[in-house]
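# Summary of the model geometry
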Amino acid sequence: MSLALIGSSTPVPAAGPRTGGVRVLLENVTVAFDGHPAIHHLTGELQPGALLAVVGPNGAGKSTLLRALAGRQRLASGRIGIEPRRRGTVAYLPQQAQIDRSFPIGVRDLVSSGLWGRIGAFGGLGRRERVEVERALGAVGLEGFEARGIGTLSGGQLQRALFARLILQDAPLILLDEPFAAIDQRTVRDLMELIGRWHGEGRTVVAVLHDLEQVRSHFPETLLLAREPIAWGATREVLASENLLRARAMTEAFDDAAGLCALGATA
């Protein structure tokens with residue numbers, strides 16, 4: 001069995017949900033910026049249908065890992081593989097801070113972009129696609145918001161729209177970078193329910209999170225990262241206090257070493 005290199009809770013009945021997840025393999029993965037490793041020597045495997053939380057201190061490499069899994073970050077060394085790999089395998093949700101809310105686009109168009117993998121960026125929406133968009137908006141509680149500009153939305157409303165776009169992407173591997181940051185608790189509950197449904201459909205879901213109680217309550221598997229892996233496995237074991245203390249200490253040590261290198265370069 002070969003691995004291809006990479007560089008909805010509420011299904012949409014018209015398209016038919018693509019149930020089932022994918023296997024993800026990481027072999028000695030290292031990502032570096034300006035010669036300084038952001039992640040190094042990460043090896044592990046995600047089984048199809050895994051629900052994985054990625055946690056760690058600020059600067060631990062969590063968002064970098066998700067970009068690498070999405071094929072948006074070049075590796076310095078190592079390998080990431082997905083099996084089976086096909087068009088539309090990965091759906092990636094970046095942090096809200098990376099989204100330009102001043103861009104003049106409405107909610108309907110934002111959500112519809114989840115269909116680009118099927119109809120293309122310039123393809124028109126037929127009746128079937130319009131129905132899918134309406135159903136996705138309904139699944140996240142945004143009926144009646146279709147014509148609103150994204151700049152008028154609250155943080156929670158924008159995140160609901162982005163999750164509606166994920167529904168339409170219908171991917172077996174879903175990557176979520178801090179999906180619950182700065183949104184209200186009701187939205188957190190609703191979107192967590194959606195993630196649970198994706199997991200129930202057998203999709204592979206990876207989420208970067210900061211709320212460890214939320215991780216303990218909803219995610220059976222956790223990767224604790226501090227630029228290199230501290231622990232990866234059952235959440236209860238990974239989030240042991242000694243592992244958390246070690247992660248913090250290692251991240252601070254990396255930061256101190258980087259500061260000394262920068263000082264030496266300017267001396």
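Whatever comes next refers back to the structure up there.
No experiment lies behind these values; they were computed from the predicted model shown.

## Examining unusual backbone geometry
In this chain, Glu83 is followed by Pro84 through a cis amide linkage whose omega measures 0 degrees. Relative to the helices and strands, Pro84 is located in the loop between β5 (77-83) and β6 (90-93). Of note in this structure, Asn28 is not a glycine but carries a positive phi near 50 degrees. For Asn28, the location among the structural elements is in strand β2 (residues 23-33). Note on Asn28: relative accessible area 37%, which makes it partly exposed. Despite not being glycine, His41 has its phi angle at roughly 60 degrees, a positive value. Inspection of the secondary structure puts His41 in strand β3 (residues 36-46).

## Quick look at the environment of Gly88
Residue placement: Gly88 occurs in the loop between β5 and β6. Given a relative accessible area of 35%, Gly88 falls into the partly exposed group. Between the C-alpha atom of Gly88 and that of Trp116, which follows or precedes it by 28 residues, the distance is 9.7 Å.

## As for the environment of Thr251
When you line up the elements, Thr251 lands in helix α9 (residues 241-266). Note on Thr251: relative accessible area 3%, which makes it buried. For the pair Thr251 and Gly56, spaced 195 residues apart in sequence, the C-alpha separation works out to 8.9 Å. In this structure Thr251 touches Pro57, Asn58, Gly59, Ala60 and Ala226, once residues within four positions along its chain are discounted. At 3.0 Å, the side chain of Thr251 forms a polar contact with the backbone oxygen of Ala247.

Scoring rules and cut-offs
Residues numbered from 1 in each chain as written. Predicted model: local features only at pLDDT ≥ 70, side-chain atom pairs only at ≥ 80, totals over all residues. Heavy atoms only, no water. Helix = DSSP H or I, 4+ residues; strand = E, 2+ residues; numbered from the N terminus. Buried < 20%, exposed > 50% of the residue type's maximum accessible area, 1.4 Å probe, protein only. Contact = heavy atoms within 4.5 Å. Polar contact = N/O pair within 3.5 Å; in protein donor to acceptor, adjacent residues only side chain to side chain.

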